[in-house]
Amino acid sequence: MYQPTSLLEKWSQENNELVNKCKQQEAAGGAVSRDHSQSSLRWCSSEFHKLLRKIQGIPPHVDHSQLELAVVYNTCVCFTAQSQFSEAELLLKEATERVLQVTGNNADTSDPLVLWRAGLKSAGNTALHPHVLYLLCLQWALWLAKCQLENIWELQEQMSSLCELVCDGVGDGSPSEAKGRLSKSPLLVMELKRLTELLQICTSIAQGAEKLNEGRSSEALSDLQAASALSATRALVAYTHLLSGSCLAHMNRPQMALQCYKRALETDSRCVCALYRSMLIYRQLGNTQAEIQALRLLHSTLMLPPATEPVLGGIHPLSPSLLLSSHSLSRLLLVPSALSVLYSLALKCVLSGRVTEGVEHYLDLLAALHSEDQHAVRVKIITNKITIQFSLMGSVTCICLPQVDAEVSVLPRMPELYLEAGAALLFTRRPADCMALCNEVISTTLELVPEKVVLEEPDEGIGGDARGLSVEGEDKVAMLLWAAAAYLLQGHCHAHLKDWKQAVTHYTRCINLLVKVHLKNRDFQPQIPAADVNVKHGKDLCALQRMKGLSLAWRGISFTQMDQLREALRDLQLSLQAFPDYTGAGLWCGEVLWRLGRKHEAAACWEKTWSLTTQTSVEKLPLYLQDPQSGPLLDSVELRLRIQELGLT
C-alpha cells in the first residue's frame with residue numbers, strides 16, 4: 001500500500017510548479033486582460049484537477065493525504081474563482097470522506113454540516129487537522145459566495161479555531177506538517193492568512209447587511225464597528241463604515257450616520273455609495289443646499305472614467321465581489337445612474353429656486369441622452385436658441401434605466417423630460433426655447449392621440465395608481481396628456497409674450513384634447529360612444545383635472561386681457577369646477593365679476609379663495625403642471641382695499 005517517495009515528490013513538484021504559474025499570473029495584475037486571466041485560471045484549475053485525480057487514483061493513505069488535501073485546496077480555489085461552486089463543493093465533500101476513511105471512520109450522511117463536524121473530529125490531533133481546517137476555509141468561502149450565512153453561523157466555533165490557527169502562523173502557504181516524507185512541501189495557490197482575513201471582514205459585512213435588512217440595526221451596528229478594525233483593503237473597511245451609517249440612519253440618528261458616511265469616504269474616496277447615502281440624509285433633514293451639493297458631487301463622481309470607479313478586487317484569484325453577492329447587501333450598495341442623478345439635480349435646482357442652474361442641468365441631460373442614442377434624440381444648442389429633432393421609437397420612447405431605490409428620481413420618458421425642460425426654460429423667461437421643445441413633443445405624439453378615452457374608476461381592493469391591462473392603451477392616454485401639456489406650455493409662452501390671441505388658441509387646443517377623456521364611475525354608467533382606449537385611472541386623473549383647470553383659467557385670463565369678460569367668466573368658473581383649489585382662478589374670477597359690476601359677488605369670491613387652506617405640494621407636481629411664473633398678476637393687498645372701500649369689512 002505504501003507508495004515510493006519519488007512518486008510523492010513528483011506530484012508535489014507538479015503542484016508547486018502549477019502554484020508558481022498561478023502566482024506569476026497574479027503578479028502580472030493589470031498587465032494582462034481579464035479574458036486572458038480567466039483563460040489562465042481555467043487552465044490552472046484543469047491541471048490541478050488532473051493532478052488530483054492522479055493522487056486519488058490510489059487508496060487514501062496518511063502518507064500522501066496531506067499532499068492530496070493541498071491539491072484539493074488549490075483546485076477548489078480555482079473552481080471558486082470561476083464561480084464553479086458545485087464542482088468545488090463536490091471536491092470538498094470527497095476530500096472530507098477520504099479523511100474519514102484514512103482515520104477509520106464512516107461517512108453515512110449527506111448533510112454538509114454533519115460531514116464537516118465528523119471530519120474535523122476524526123482528524124482531531126492528527127497531522128491532518130490543519131489541512132482539514134484549510135478546506136473548511138474554502139467551504140466558508142463557498143457558503144459566503146452562495147449567501148448561506150446560516151451554515152457559517154452553525155460552524156462558528158470551528159471558524160474561530162481556524163482564525164486562531166492562522167494567527168499563530170500556521171498556513172503561510174508551506175505547512176510544516178507536510179514535510180514528513182516530502183523534501184519540498186506542497187505550496188498553496190492562495191495564502192491562508194490572506195484568505196482568512198478576507199473571509200472575516202466579508203462575513204461581517206454580509207451578516208451586517210442581513211441583520212440590517214431584518215431590522216436588527218443595533219446588533220448589526222455593533223458587529224460592523226468591530227469589523228472596521230480588521231485587517232483588510234481600504235474598500236472593504238469603507239464598507240463597514242458605510243453599513244454602520246445605514247444602521248444609524250435606520251435608528252433615526254441622521255447626524256451620526258453622516259459621520260459614518262464621511263469616514264467611509266475618507267477611507268476610500270471611491271465609495272460612491274456613501275456619497276449617495278449622505279445625499280439621502282440631507283434630503284431627509286430638509287437641507288436643500290447640502291443635498292444639491294451632494295447630487296452635484298455624486299454626478300461628477302459617476303462620470304469619472306471606469307478605471308477610477310470603485311472596484312472590489314485586489315486579491316487574486318478570489319475577490320470580495322465574488323463573496324459579497326447577497327441580495328440584502330446589493331440593495332444597500334445600489335447607486336443610481338449618472339443620468340438619473342443629473343435629472344434629480346436639475347429638478348431639485350428648479351424646485352428650490354435655482355432655476356437657471358436647473359435649466360443648464362436639463363440641457364446637459366438632453367445632450368447626454370443625445371450621445372447615448374443618436375436615433376432617439378438630437379439636441380443642438382445655438383446661443384440661446386434650441387433646435388431639437390425628436391423621434392419616437394415605436395409608440396413610446398423611453399430610456400430604460402433600472403429603478404434602484406424609491407428615493408431616487410427615476411428618469412422620465414422622453415416627452416415628459418422635454419416638457420419639464422420646457423417648463424424650466426419658461427421659468428427663466430425663454431419662451432421661444434420652450435415652444436421649440438413643445439413643438440417636438442406635439443409633432444411626435446399628436447398623431448398617436450386616440451379620438452376618445454374612458455378612464456374607469458379602479459375596482460375595490462386595487463390601489464389608486466392601478467392601471468388597465470393594456471400597455472398600449474396606457475401609452476395612448478399618456479400621448480394625449482403629453483400633447484395637451486405641450487399646448488398648455490405654449491399657451492403660457494404666448495401669455496408671457498402678451499400675445500393673447502395666440503394664447504387663447506393654444507389653451508383651446510389643450511382643452512380640445514382634454515375633453516376627449518371621459519370619467520366612468522362604477523355606480524354610474526354614462527352614455528359614451530365607443531372609446532378607442534379604456535383604462536383604469538390613477539395619477540392620470542389628477543394630471544387631467546389640474547391641466548383642465550389650468551388651461552381653462554389661463555384662457556379666461558387671456559380673455560380678460562382682451563376685454564372679453566363674459567367668455568373669461570365662463571372659463572374661470574369652469575376652471576374652479578375642475579380644480580376648486582386653484583387660487584389663481586378664484587382671484588381672477590373675482591376680478592372679472594368686479595369689472596362686470598358684480599362687486600359683492602367679487603368680494604365673496606375673493607374671500608372664499610383666501611380661505612382655502614388645501615394646497616398641493618409643489619414638489620409633487622410635474623414642472624409643466626405648475627403655475628407659470630410670468631403673466632398678469634393680481635395684488636391681494638389691492639383687492640383687500642377694494643373690499644374695504646366697498647364697506648364689507
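Conventions we followed
- Counting of residues starts from 1 at the beginning of each chain's written sequence and follows it residue by residue.
- In view of the model being predicted, local features appear only for residues whose pLDDT reaches at least 70, and side-chain atom pairs are presented and counted only at 80 or more, with totals across whole chains, interfaces and linings using the full set of residues.
- As a rule here, side-chain values come from all non-hydrogen atoms in the structure, and water together with hydrogens is ignored.
- Definition used in this section: a nonpolar core is a set of buried Ala, Val, Leu, Ile, Met, Phe, Trp, Tyr and Cys residues joined via side-chain atoms within 4.5 Å.
- Partly exposed describes any residue whose relative accessible area lies between the buried limit of under 20% and the exposed limit of over 50%, with all areas from a 1.4 Å probe on protein chains only and scaled to the type maximum.
- Strands here mean DSSP runs of E at least two residues long; helices mean DSSP runs of H or I at least four residues long; both are numbered from the N terminus.
- Pairs of residues are marked as contacts when any of their non-hydrogen atoms sit within 4.5 Å.
- By definition, pLDDT measures how confident the predictor is in each residue, and it falls between 0 and 100.
- Pairing between strands requires that DSSP locate at least two bridges from one strand to the other.
- To count as a disulfide, a pair of cysteine sulfur atoms needs to be within 2.5 Å.
- Paired rings are identified among Phe, Tyr and Trp, the last through its six-membered ring, by centres lying within 6.5 Å, and are further divided according to the angle between planes into stacked (under 30 degrees), edge-to-face (over 60) and tilted (the rest).
- Helix axes use the C-alpha atoms of the stretch in contact, all axes being lines fitted to C-alpha atoms, and the angles between their N-to-C directions lie in the range 0 to 180 degrees.
- Here is the rule for angles: anything less than 35 degrees is roughly parallel, anything more than 145 is roughly antiparallel, 65 through 115 is roughly perpendicular, and the remaining ranges are oblique.
- A crossing counts as left-handed when the near helix is turned anticlockwise from the far one by less than a right angle, and as right-handed when that turn is clockwise.
- Residues are grouped as follows: nonpolar covers Ala, Val, Leu, Ile, Met, Phe, Trp, Tyr, Cys and Pro; charged covers Asp, Glu, Lys and Arg; every other residue, Gly included, is treated as polar.
- For this analysis, a polar contact is any N or O atom pair within 3.5 Å, provided that within protein one partner can donate a hydrogen and the other can accept it, and provided that sequence-adjacent residues contribute only side-chain to side-chain pairs.

A.B. asks: Help me get a handle on the nonpolar core, residues and values and all.
C.D. replies: Judged by nonpolar contacts, the single largest core of 193 residues is most densely connected at Tyr-73, Tyr-362 and Met-547. Ranked by residue count, the leading element in this core is helix 21 (residues 471–496), at 15 residues. Those residues within four positions of Tyr-73 in sequence are excluded, and the remaining contacts are Tyr-134, Leu-135, Leu-138, Leu-188, Val-189, Met-190, Glu-191, Leu-192 and Leu-195.

A.B. asks: Break down unusual backbone geometry for me, citing the residues and quoting the values.
C.D. replies: For Asn-252, which is not glycine, the phi dihedral falls at a positive 60°. Here Asn-252 shows up in the loop between helix 11 (234–250) and helix 12 (254–267). The exposure class assigned to Asn-252 is exposed, which follows from its relative accessible area of 59%. Despite not being glycine, Asp-563 has its phi angle at roughly 60°, a positive value. Assignment of secondary structure puts Asp-563 in the loop between helix 23 (539–561) and helix 24 (565–578).

A.B. asks: Kindly report on the confidence of the model for the protein chain, identifying the contributing residues and their values.
C.D. replies: Detailed reading of predicted coordinates is not advised where the pLDDT is low. Overall, the predicted model of the protein chain reaches an average pLDDT of 81, with 80% of residues at or above 70. Here residues 461–470 is a poorly scored stretch, pLDDT under 50, and it has 17 contacts once near neighbours within four places are set aside; other chains count.

A.B. asks: Explain the pairing of strand 3 (residues 453–456) to me, and be specific about the residues and the numbers.
C.D. replies: Burial of the side chains of strand 3 extends over both faces: Val-453 and Leu-455 are buried on one face and Val-454 and Glu-456 on the other. Judged from the 4 bridges that link them, strand 3 and strand 4 (residues 517–520) form a sheet pairing that is parallel. The partner of Leu-455 across the bridge, within strand 4, is Leu-519.

A.B. asks: I'd like a description of the state of the cysteines, backed by residues and values.
C.D. replies: Evaluation of the coordinates by the stated rule reveals 0 disulfides. Cysteine Cys-438 remains unbridged, with the sulfur of Cys-434 as its closest cysteine sulfur at 4.1 Å.

A.B. asks: Tell me what's going on with the packing of aromatic side chains, and back it up with residues and numbers.
C.D. replies: Tallied over the full model, the rule gives 3 aromatic pairs. When the centroid spacing of 6.3 Å and the interplanar angle of 75° are considered together, the rings of Tyr-343 and Tyr-362 count as edge-to-face. Highlighted residues: Tyr-343 in helix 17 (residues 338–351) and Tyr-362 in helix 18 (residues 355–372), separated in sequence by 19 residues. Given a relative accessible area of 5%, Tyr-343 falls into the buried group. Judged by relative accessible area, Tyr-362 falls into the buried class, the value being 1%.

A.B. asks: How would you sum up the packing of helix 4 (residues 85–102) against helix 5 (residues 112–123)? Please name residues and give values.
C.D. replies: The interhelical angle for the contact between helix 4 and helix 5, taken along N-to-C directions, is 40°, at an axis separation of 9 Å. On the basis of their axis angle, the class for helix 4 and helix 5 is oblique. Note on packing geometry: the crossing formed by helix 4 with helix 5 is left-handed. In this structure, helix 4 uses Leu-92, Lys-93, Thr-96, Glu-97, Val-99 and Leu-100 to contact helix 5, whose residues at the interface are Leu-115, Trp-116, Ala-118, Gly-119 and Ser-122. Taken together, the residues of the contact of helix 4 with helix 5 break down into 6 nonpolar, 3 polar and 2 charged.

A.B. asks: Explain the side chain of Asn-15 to me, and be specific about the residues and the numbers.
C.D. replies: Structurally, Asn-15 is set in helix 1 (residues 5–28). At 2.9 Å, the side chain of Asn-15 forms a polar contact with the side chain of Asn-74.

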